[in-house]
Amino acid sequence: MSSSTPPVSSKPKRPDKVFRHRHRLHGRADFAAVHRAKMRKHAGPLSMLARPNDRPESRLGMTVSRKVGPAVTRNRIKRLLREAFRLERHDWTPGFDLLVIVRPHTPLALAEYRRLLTQAMLALESEWQRRARRQEKREEGAGS
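Since this is a predicted model, take the numbers as computed values, not measurements.

A. Quick peek at the packing of aromatic side chains. One pass over the full model with this rule turns up 1 aromatic pair. When the ring centre of Trp128 is taken as reference, the NZ or CZ atom of Arg131 above it lies at 4.9 Å.

What follows is the structure, encoded as structure tokens:
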């Protein structure tokens, strides 16, 4: 066997559960676009906004103000939310830009953030589906 031949892995391929750069919302324009969509759901101390993004993957942005606590607390909450998103996004419909706004609270367990994000995301998905059906009916009515 030559040294240039890569070793063959017998492990089955798992879904990519890494939080990569492409999974983040970047810049003021992306955040503003999600705000303009005017689709918001609340789950505990989190407000989640969403809009379809025409991409194969969902992206996450967060807003955590100083009212939430000192930098250590804010950063811990952000790490937990990124981890919850990383673990749960494979169970959601892909192709959404998500913005999580954190209201003041004491940090929760990872499992609780996972539950809250999933709860809000399911509500947002169903609301976008309702909007799409309404839009289709309007277009059918206008075409008649």
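B. The arrangement of the nonpolar core in detail. Core analysis: the biggest nonpolar cluster contains 28 residues, and Leu46, Met48, Leu81, Leu98, Val100, Val102 and Leu117 have the highest contact counts within it. Counting 5 residues, the second-largest nonpolar core is a separate cluster that includes Leu25, Val34, Leu49 and Leu99.

C. Just the environment of Gly61, in detail. Take Gly61: it is sitting in strand E3 (residues 59-64). Spatially, the C-alpha atoms of Gly61 and Arg24 are 5.9 Å apart, while their sequence positions differ by 37 residues. Contacts of Gly61, omitting those with residues within four sequence positions, involve Leu25, Phe31, Leu98, Leu99 and Val100.

D. Seen up close, the pairing of strand E2 (residues 46-52). The buried fraction of E2 amounts to 5 of the 7 residues, a majority that puts the element mostly inside the structure. In this sheet, strand E4 (residues 96-102) lies alongside E2 in antiparallel orientation, the contact comprising 7 bridges. Across the sheet, Ser47 pairs through a bridge with Ile101, a residue of E4.

E. Geometry of the sheet that holds E3. Spatial ordering of the open sheet is given by E1-E2-E4-E3, a layout of 4 strands whose pairing is mixed. Here the strands that pair on one side only, and so sit at the sheet edges, are strand E1 (40-43) and E3. Ignoring which end each strand starts from, the neighbouring axes of this sheet average 20° apart. The sheet contacts of helix H2 (residues 71-88) involve E2, E3 and E4, and relative to E3 the element is tilted by about 160°.

F. Spatial organisation of the side chain of Glu125. You can see Glu125 is positioned in helix H3 (residues 110-143). One buried charged side chain, Glu125, makes no salt bridge at all; its nearest oppositely charged neighbour is Arg133, positioned 11 Å away.

What counts and what doesn't
Residues numbered from 1 in each chain as written. Predicted model: local features only at pLDDT ≥ 70, side-chain atom pairs only at ≥ 80, totals over all residues. Heavy atoms only, no water. Phe/Tyr/Trp six-rings, centres within 6.5 Å; stacked < 30°, edge-to-face > 60°. Lys NZ or Arg CZ within 6 Å of the ring centre and 35° of its normal. Core = buried A, V, L, I, M, F, W, Y, C linked by side-chain atoms within 4.5 Å. Buried < 20%, exposed > 50% of the residue type's maximum accessible area, 1.4 Å probe, protein only. Helix = DSSP H or I, 4+ residues; strand = E, 2+ residues; numbered from the N terminus. Contact = heavy atoms within 4.5 Å. Pairing = 2+ DSSP bridges. Axes fitted to C-alpha atoms, helices over the stretch in contact; angles between N-to-C directions. Lys, Arg positive; Asp, Glu negative; His and termini not counted. Salt bridge = Lys/Arg side-chain N within 4 Å of Asp/Glu carboxyl O.

Taken by themselves, the reported measurements are silent on function.
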